[in-house]
Amino acid sequence: KSLTNSQQPTPHNEPTPTDLAHHVREGLSRPFKTLSSMYFYDDEGSRLFQQIMALPEYYPTRTEFALLTRHQVAIGEALRPQRPEEPFFLLELGAGDGLKTKILLRHLLQTGARFTYVPVDISAAALDGLAASLQTELPDLRVEPVVADYADALRLMAARPGRKAVLFLGSNIGNFLPDDRLQFLRNLAQPLTPDDRLLVGFDLQKDPRQIRAAYDDSQGVTAAFNFNLLHRLNRELGADFDLAHWQHYTDYDPLAGAVRSFLVSTRAQTVRFAALDWAVDFAAWEMVHTENSYKFTRPGIAELAQTAGLAVQHIFTDEQDFFADVLLQP
Ligand code: AVI
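If you look the protein up in an unreviewed UniProt entry, it shows as L-histidine N(Alpha)-methyltransferase from Hymenobacter metallilatus.

Here's what the structure looks like:
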């Protein structure tokens, strides 16, 4: 089974256009209509996500940045092998612009670690940009980008001798449904050995109002990010969504620890998909579910890790206990 699960994938692990057509038809034919968040990340969606990460309400990115800054020494110690002369690979799944990772990379270089940074992404363009910025900012860093799906990249790297320290930062793990999340972690752990390490980012449960605000910002950037999905369907599948009759709606369920985002049809309407020779009806106030963003507790993380066959070695958090980077051992 691939690590890029078809239901709840992660940014930068995009499927092909034929998958889009199939997925949209299937998701919009369900009694409770859905569209997967994996389709958020076209060029415009990726640009909007960059903007989201800088919003005052969207705390996860800057919190994890502060956390990594605060714990860089301990995290560096935990990721590198005991013997300093032993070379290792620092793999990063879905590296993005690498802004957070550069904290660790800089620290490891400054303390004489011998390692190769292996950013993994399905998009060659994303990796080219990252490699170029690393070349100027950290010219001494050895970089071996891998354009592949996470599972393929891990299998490929597992065959090479030396420790693998695998980073899965952000709160990307939160975009999986619980079953898919467990399967994802199991697949991640499968090719690794007890000498390897995993560092996974989890957004923690906190004041529910603060969580909800992070997904419904006052400038409407998150709404635009959600609407971009409809623009994309108009463009790529010849659909005729009229954005004047759709709203962004988001809610946080503290019992499930889940933010759920929706696109809401504000009136009864029919949308045609020219490329699919197909049409779909929406009732007034019908909701299309587009994204889950789960928030975690320590017991929840411990249970997940244990079920996936991983040992929690350390939980690194920020001063406010908003976010956790969890060190796991296979
Ligand atoms: C990519 N992922 C971790 C983001 C999140 O927080 O779930 C995506 C996002 N959706 C709306 N805002 C941010």
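Student: Where do I start with the overall build of the protein in this structure?
Tutor: Helix and strand content of the protein: eleven helices and 13 strands. Dimensions of the protein, computed from the C-alpha atoms along their principal axes, are close to 65 × 40 × 35 Å. In the protein, which comprises 330 residues, the share counted as buried stands at 55%. Per element, the accessible surface of the protein, about 14,200 Å² overall, is 53% carbon and sulfur.

Student: Would you explain the sheet that holds strand β11 (residues 287-294) in this entry?
Tutor: Adjacent strands of a sheet pair through backbone hydrogen bonds, lying either parallel or antiparallel. Strand order across the open sheet formed by three strands is β7-β8-β11, with antiparallel pairing between neighbours. Of all the strands in the sheet, the pair left with one neighbour each is β7 (246-253) and β11. Averaged over all pairs of adjacent strands, the angle between strand axes in this sheet comes to 20 degrees, irrespective of strand direction. Where strand β8 (residues 258-265) and β11 come together, seven bridges link them in antiparallel fashion. Residue pairing across strands places Ala258 opposite Tyr294, the latter belonging to β11.

Student: So what exactly am I meant to see when it comes to the nonpolar core here?
Tutor: Considering soluble globular proteins, one finds that nonpolar side chains tend to be buried as a cluster. Formed by 41 residues in total, the largest nonpolar core has its most connected members in Leu28, Leu233, Phe241 and Phe273. If you tally residues by element for this core, the top one is helix α10 (residues 221-237), at eight residues. Setting aside anything within four residues of it in sequence, one finds Leu28 in contact with Lys33, Thr34, Leu35, Phe273, Trp278, Val280, Phe282 and Val288. By size, the runner-up hydrophobic cluster in this structure holds 36 residues, among which are Phe89, Ala153, Phe168 and Leu198.

Student: Before we go on, may I ask you to explain helix α4 (residues 72-79) in this structure?
Tutor: Side chains three or four residues apart in an α-helix point the same way, a direct result of the helix having 3.6 residues per turn. Looking at α4, one finds that the buried residues are Ile75, Gly76, Ala78 and Leu79. Down the axis of α4, the buried side of the element spans an arc of 165 degrees, and every buried residue falls inside it.

Student: Any chance you could explain the environment of Ile75 here in plain terms?
Tutor: Within the fold, Ile75 resides in helix α4. Linking Ile75 and Leu104, residues 29 residues apart in sequence, is a C-alpha distance of 8.0 Å. The residues touching Ile75, leaving out its near neighbours within four places in the chain, are Leu67, Leu68, Leu104, Leu199 and Phe316.

Student: I keep staring at unusual backbone geometry and nothing clicks. Help me out?
Tutor: What you tend to see is this: most non-glycine residues have negative phi, and most peptide bonds are trans. Non-glycine residue Trp285 carries a positive phi angle of around 65 degrees. Counting through the fold element by element, Trp285 comes out in the loop between β10 (278-282) and β11. Taking the relative accessible area as the measure of exposure, Trp285 reaches 51% and is therefore exposed. Unlike most non-glycine residues, Asp321 shows phi in positive territory, near 60 degrees. By the secondary structure assignment, Asp321 is in the loop between β12 (311-317) and β13 (323-329).

Student: It is not clear to me how the site of the ligand should be interpreted in this structure. Could you clarify?
Tutor: The ligand sits among 13 residues. The nearest are Tyr58, Asn175, Tyr215, Glu291 and Ser293. Within the side chain of Glu291, one N or O atom sits 2.8 Å away from a nitrogen atom of the ligand. Ser293 places a polar side-chain atom, nitrogen or oxygen, 2.6 Å from an oxygen atom of the ligand. For the ligand, whose free accessible area comes to 340 Å², the fraction covered by protein is 98%. Across the shell around the ligand, the residue classes tally to seven nonpolar, five polar and one charged.

Student: Just checking my understanding: could you explain the pattern of salt bridges for this structure?
Tutor: If you walk through the whole model with that rule in mind, you get 20 salt bridges. For Glu85, the salt bridge is made with Arg83, and the minimal N-O distance between the two is 3.2 Å. Glu85 sits in the partly exposed class, given a relative accessible area of 43%. Residue Arg298 is joined to Asp321 by a salt bridge in which the shortest nitrogen-to-oxygen separation is 3.0 Å. Linking Arg298 in helix α11 (residues 298-307) with Asp321 in the loop between β12 and β13, this pair joins segments that are 23 residues apart in sequence.

Student: Quick question: what am I supposed to make of the environment of Thr222 here?
Tutor: Structurally, Thr222 can be placed in helix α10. The sequence separation of Thr222 and Gly27 amounts to 195 residues, and the corresponding C-alpha distance is 22 Å. Every residue in contact with Thr222, bar those within four places of it in the chain, is listed here: Ile52, Leu55, Ala214, Tyr215, Asp217 and His248.

Student: Honestly, the confidence of the model for the protein in this entry has me stumped. Any pointers?
Tutor: Residues shown with low pLDDT carry predicted positions that ought not to be read at fine detail. Of all residues in the protein, 95% attain a pLDDT of 70 or more, and the chain-wide mean is 93. Predicted confidence for residues 1-12 stays below pLDDT 50, and this span has 39 contacts to residues more than four positions away or in other chains. Here the predicted complex carries an ipTM of 0.99, next to a pTM of 0.93.

Student: Whenever I open this one, the UniProt feature "domain: Histidine-specific methyltransferase SAM-dependent" (unreviewed entry) in the protein confuses me. Can you help?
Tutor: Those places that UniProt annotates as "domain: Histidine-specific methyltransferase SAM-dependent" (unreviewed entry) correspond, in this numbering, to residues 21-329. Secondary structure content for residues 21-329 is 38% helix and 25% strand, and the end C-alpha separation is 39 Å.

Student: Would you mind showing me how to read the packing of helix α5 (residues 101-110) against helix α6 (residues 124-137) here?
Tutor: A pair of packed helices is captured by two measures, namely the crossing angle of their axes and the spacing between those axes. Between α5 and α6, the shortest axis-to-axis distance is 12 Å and the interhelical angle comes to 40 degrees. One way to sum up the angle between α5 and α6 is to call them oblique. The handedness of the crossing between α5 and α6 is right-handed. In this structure, α5 contributes Lys102, Leu105 and Arg106 to the contact, and α6 contributes Ser133, Leu134 and Glu137. Partitioning the contact of α5 with α6 into residue classes produces two nonpolar, one polar and three charged.

About the cut-offs
- Residues numbered from 1 in each chain as written.
- Predicted model: local features only at pLDDT ≥ 70, side-chain atom pairs only at ≥ 80, totals over all residues.
- Heavy atoms only, no water.
- Helix = DSSP H or I, 4+ residues; strand = E, 2+ residues; numbered from the N terminus.
- Buried < 20%, exposed > 50% of the residue type's maximum accessible area, 1.4 Å probe, protein only.
- Areas by Shrake-Rupley, 256 points an atom, 1.4 Å probe, with all protein chains shown as cover.
- Pairing = 2+ DSSP bridges.
- Axes fitted to C-alpha atoms, helices over the stretch in contact; angles between N-to-C directions.
- Core = buried A, V, L, I, M, F, W, Y, C linked by side-chain atoms within 4.5 Å.
- Contact = heavy atoms within 4.5 Å.
- Arc of directions from axis to C-beta.
- Near = heavy atom within 4 Å.
- Polar contact = N/O pair within 3.5 Å; in protein donor to acceptor, adjacent residues only side chain to side chain.
- Nonpolar A, V, L, I, M, F, W, Y, C, P; charged D, E, K, R; others polar.
- Salt bridge = Lys/Arg side-chain N within 4 Å of Asp/Glu carboxyl O.
- pLDDT = per-residue confidence, 0-100.
- UniProt positions renumbered as here; feature names shortened; annotations may be inferred.
- Parallel < 35°, antiparallel > 145°, perpendicular 65-115°, else oblique.
- Left-handed = near helix turned anticlockwise from the far one by under 90°.

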